[in-house]
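# Notes for the structure review
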Amino acid sequence: MELNSVKDSVHGDGVTGSLPTDVDVLIAGAGPTGLTLGIDLARRGVRALLVERQDRLSPGARGTGLQPRTQEVYEDLGLLGAIQAAGAPYPPVALWQDGRITGTHTMVERVAPTPAAPWSDALMVPQFRTVRLLHERLRGLGGSVLLGTELTDFDQDADGVTARLRLPDGAVRTVRAGYLVAADGGRSTVRRALGTTMSGPSLPAGAALLADLRIEGLDRDHWHRWMLPNGGFVMALPLAGTDYFQTLVAAFTEVPDATPEVVHAALARHTHLSPEQLGEVLWSSVYRPRAGMADTFRTGRVFLAGDAAHIHSPAGGQGLNTSVQDAYNLGWKLGQVLKHGAPDTLLDTYEAERRPIAARILETSTRLHTTGSMRRGRDLHQLDIGYPDSPLTRELRTDLPEGALRAGDRAPDAPCHTSDGKPVRLFDTYRGPHFTLLALGGAAVDEAALPADPALLRVVRVGGPAPDLIDTDGHVRAAYGPGPAALLIRPDGYLALAAPDGDATEQVRAALTACLGEPAAQTR
């Protein structure tokens, strides 16, 4: 069963017949990070080229957990429906002993949705499904991936990056790009070429065997777990939408390789499963714990994102989600610089914002790994991640109550209605590559003094004498406060500015100028 048989090449499967020689952004690596960035740039009209050295999209279930914040990102990028259809909630864990289930428990906490957080549970989606759906979305926006195409080396100067690519036929071609983004994994070729070092905690030595395979006679209503006498364990997760299980054998013994024979032997040795129950091995790998973070995420016109910038233990399901949000943070900033003339200094805020988050996630995943904690609660949902200390964040209100939403926080959702009674979510108004200005409670905002291009800014009035939206049930007030206030929402869904009524228009102009540059922030 070939689950990821995408075979884009320079000459086939819908890709243009010749390799472009000049692009805005070159992305090395077509995993979740590179594909997410490619989608965000494509919808902004930025010319991006994605190259992947493997000859197909990455197989393997790998990271299966999509946290609620990542689901919000995918909703904005237009593929949440497909992602949800391919996934399922995590099942309860069944504990096995002496060939029978001796108990069950919930490992991944279930959380009820709220008006502010409609996607409240981690969603289990095999990574090979995720990358396939990301690729389909990219193709729908006119983008593509060049598989079997390896970035071998590059040079950069003040105006761009010159990269050499080895094509599937062995030929080497040169591409000129305004910027290069390394999304090429934990052993990043680009990071090594830059000479960027990584630092971080040491994880206990060892190895684990990962494999996706068919298992007969094992129910698909549980996430199965066997404890081993030496303190190790085996787990088997039924993968949503497939006939396969993702298995993990952590037996604290050296794993020489990950052949199907080794996978079958390990599972038969450490569980009650017989060799006859163990079928086709779709994908397998040896995992050795690593953790670290690049000392810098930007070197000139080259950026590190995802595993190329930070490597985490899989404990807690944070690595893929953090990587996707790297791309989401960088994408809108590259778009503003390349399409709207924002200053290059805007791109410095990528490292300023994302590196502290990576450090926090690295600490969390390392703690879970070293303690062996299997609990997965709402503290891992990444909804509380924000940028309060970012140079792009301006909180101008005073006397805010404890726990109130502040500039730098994630902008929550809220159900509203239009004046004619049509239901609308705030997330509906945020969706797209633009900034959104929420004018709450009749805040005086002079739209004529702000950019009129809807690709840059959309003004939404909630309440007041001429509202665009009516806070029918008070959910906006509960999430954002009573106002009057002007709240500027960034394209990636974070609150950039919170200004009281009064000189709100000038404050909004100043905040937009910091993000757009003076020319784009001018009225039109």
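The rules behind each value
- Residues numbered from 1 in each chain as written.
- Predicted model: local features only at pLDDT ≥ 70, side-chain atom pairs only at ≥ 80, totals over all residues.
- Heavy atoms only, no water.
- Helix = DSSP H or I, 4+ residues; strand = E, 2+ residues; numbered from the N terminus.
- Rg over C-alpha atoms; globule rule 2.2 N^0.38 Å.
- Buried < 20%, exposed > 50% of the residue type's maximum accessible area, 1.4 Å probe, protein only.
- Contact = heavy atoms within 4.5 Å.
- Areas by Shrake-Rupley, 256 points an atom, 1.4 Å probe, with all protein chains shown as cover.
- Lys, Arg positive; Asp, Glu negative; His and termini not counted.
- Charge placed at Lys NZ, Arg CZ, Asp CG, Glu CD.
- Polar contact = N/O pair within 3.5 Å; in protein donor to acceptor, adjacent residues only side chain to side chain.
- Phe/Tyr/Trp six-rings, centres within 6.5 Å; stacked < 30°, edge-to-face > 60°.
- Lys NZ or Arg CZ within 6 Å of the ring centre and 35° of its normal.
- Axes fitted to C-alpha atoms, helices over the stretch in contact; angles between N-to-C directions.
- Parallel < 35°, antiparallel > 145°, perpendicular 65-115°, else oblique.
- Left-handed = near helix turned anticlockwise from the far one by under 90°.
- Pairing = 2+ DSSP bridges.
- Salt bridge = Lys/Arg side-chain N within 4 Å of Asp/Glu carboxyl O.
- Expected span 1.5 Å × (residues − 1).
- Arc of directions from axis to C-beta.

### Focus: the overall build of the protein
A tally of helices and strands in the protein yields 12 helices and 27 strands. Here the C-alpha radius of gyration of the protein, 24 Å, is about what a compact globule of 524 residues would show, namely 24 Å. Taking the principal axes of its C-alpha atoms as reference, the protein extends roughly 75 × 55 × 40 Å. A buried classification covers 55% of the 524 residues belonging to the protein. Expressed as a percentage of contacts within the protein between residues at least 6 apart in sequence, the contacts between residues at least 24 apart total 70%. A total accessible area of about 20500 Å² is found for the protein, and carbon and sulfur atoms account for 51% of it. Taken together, the 51 basic and 61 acidic charged side chains of the protein have centroids lying 2 Å from each other.

### A word on the environment of Tyr179
Looking at the element boundaries, Tyr179 is found in strand S10 (residues 172-182). Classification of Tyr179 by relative accessible area gives buried; the value is 3%. When the C-alpha atoms of Tyr179 and Val23 are compared, they prove to be 8.7 Å apart, with 156 residues separating the residues in sequence. Residues contacting Tyr179, with those up to four places away along its chain left out, are Asp24, Val25, Leu26, Val161, Arg298, Arg301, Phe303, Leu334, Val337, Leu338, Asp344 and Leu347. A distance of 2.7 Å separates a polar atom in the side chain of Tyr179 from a polar atom in the side chain of Asp344.

### So, the packing of aromatic side chains
As enumerated under the stated definition, the model contains 8 aromatic pairs in all. Plain terms: the ring middles of Phe297 and Tyr350 are 6.2 Å apart, the flat faces sit at 45° to each other, and that makes the pair tilted. Residue Phe297 is found in the loop between strand S17 (292-294) and strand S18 (298-299), and its partner Tyr350 is found in helix H8 (residues 348-371); the two are separated by 53 residues along the sequence. Assessed through its relative accessible area of 0%, Phe297 is described here as buried. Three or more aromatic residues joined by ring pairs form one cluster here, namely Tyr179, Phe297, Phe303 and Tyr350. The ring of Phe245 has Arg220 lying over it, and the distance from NZ or CZ to the ring centre is 4.9 Å.

### Some details on the packing of helix H2 (residues 68-76) against helix H7 (residues 319-340)
With their axes 9 Å apart at the nearest point, H2 and H7 run at an angle of 40° to one another. On the basis of their axis angle, the class for H2 and H7 is oblique. At the point where H2 passes H7, the crossing takes the left-handed sense. Taken together, the residues of H7 that come into contact with H2 (itself represented by Arg69, Thr70, Val73, Tyr74 and Asp76) are Asn321, Val324, Gln325 and Tyr328.

### Some points on the sheet that holds strand S20 (residues 310-311)
Strands sit in the order S11-S17-S20 across an open sheet of 3 strands; the sheet is antiparallel. At either margin of the open sheet sits one strand with a lone partner, and together these are strand S11 (198-199) and S20. In this sheet, S20 lies alongside S17 in antiparallel orientation, the contact comprising 2 bridges. The residue bridging Met293 from the neighbouring strand is His310, located in S20.

### Overview of the side chain of Ser390
By secondary structure assignment, the location of Ser390 is in the loop between H8 and strand S21 (394-395). The buried category is assigned to Ser390, whose relative accessible area is 7%. The contacts of Ser390, once residues within four sequence positions are left out, are Glu353 and Arg490.

### Observations concerning the sheet that holds strand S27 (residues 495-500)
Read from one edge to the other, the open sheet built from 5 strands follows the order S21-S27-S26-S24-S25, with strand pairing classed as mixed. Two strands in the sheet have a free side with no partner beyond their single neighbour: S21 and strand S25 (457-462). Packing of helix H11 (residues 504-516) onto the sheet brings it into contact with S21, strand S24 (435-440), S25, strand S26 (485-489) and S27, and relative to S27 it is tilted by some 160°.

### Thoughts on unusual backbone geometry
Negative phi values dominate among residues other than glycine, just as trans dominates among peptide bonds. A positive phi angle is found at Asp98, which is not glycine, with a value near 55°. One can find Asp98 in the loop between strand S4 (93-97) and strand S5 (100-105). The phi torsion at Asp399 lies on the positive side, around 55°, for a residue other than glycine. When its relative accessible area of 78% is taken as the criterion, Asp399 is described as exposed.

### Brief notes about the pattern of salt bridges
Pairs may arise between side chains of opposite charge once their charged atoms sit close together. For the structure shown, the criterion picks out 28 salt bridges. In this structure, the salt-bridge partner of Asp153 is Arg164, at a minimum N-O distance of 2.4 Å. Pair noted here: Asp153 is in strand S8 (residues 150-156) and Arg164 is in strand S9 (residues 161-166), with a separation of 11 residues, a long-range link. For Asp153, a relative accessible area of 32% translates into the label partly exposed. One network of salt bridges, in which partners are shared, links Glu75, Asp413, Arg425, Asp428 and Arg431.

### Observations concerning helix H1 (residues 32-43)
In this model H1 runs 17 Å from its N-terminal to its C-terminal C-alpha over 12 residues, within 8% of the 16 Å that 1.5 Å per residue would give. The element H1 is extensively covered by neighbouring structure, given that 11 of its 12 residues are classed as buried. With its phi angle positive at about 75°, Gly45 sits one or two positions after the end of H1.

### Topic: the pairing of S9
Examined bridge by bridge, S8 and S9 share 6 bridges and lie antiparallel to one another. Opposite Phe154, over in S9, you have Ala163 as the bridge partner. From the end of S8 to the start of S9, which pair antiparallel, there are 4 residues. Counted between consecutive antiparallel strands, the loop separating S9 from S10 contains 5 residues, among which Gly170 sits at a positive phi close to 95°.

### Section: helix H6 (residues 260-270)
Where H6 is concerned, the buried positions are Val263, Ala266, Leu267 and His270. Viewed end-on, H6 has its buried residues packed into an arc of 95°, placing them on one side of the element. Facing away from the buried side of H6 by over 90 degrees, the exposed positions are Glu261 and Arg269. Lining the buried residues of H6 we find strand S12 (208-215), strand S13 (223-227), strand S14 (233-238), strand S15 (245-250) and strand S16 (278-287).

### Description of the environment of Gly481
Take Gly481: it is sitting in the loop between helix H10 (475-480) and S26. Here the alpha-carbon distance between Gly481 and Gly441, two residues 40 residues apart in the chain, equals 9.5 Å. In this view, Gly481 contacts Leu440 and Val476; residues no more than four positions away in its chain are not counted.

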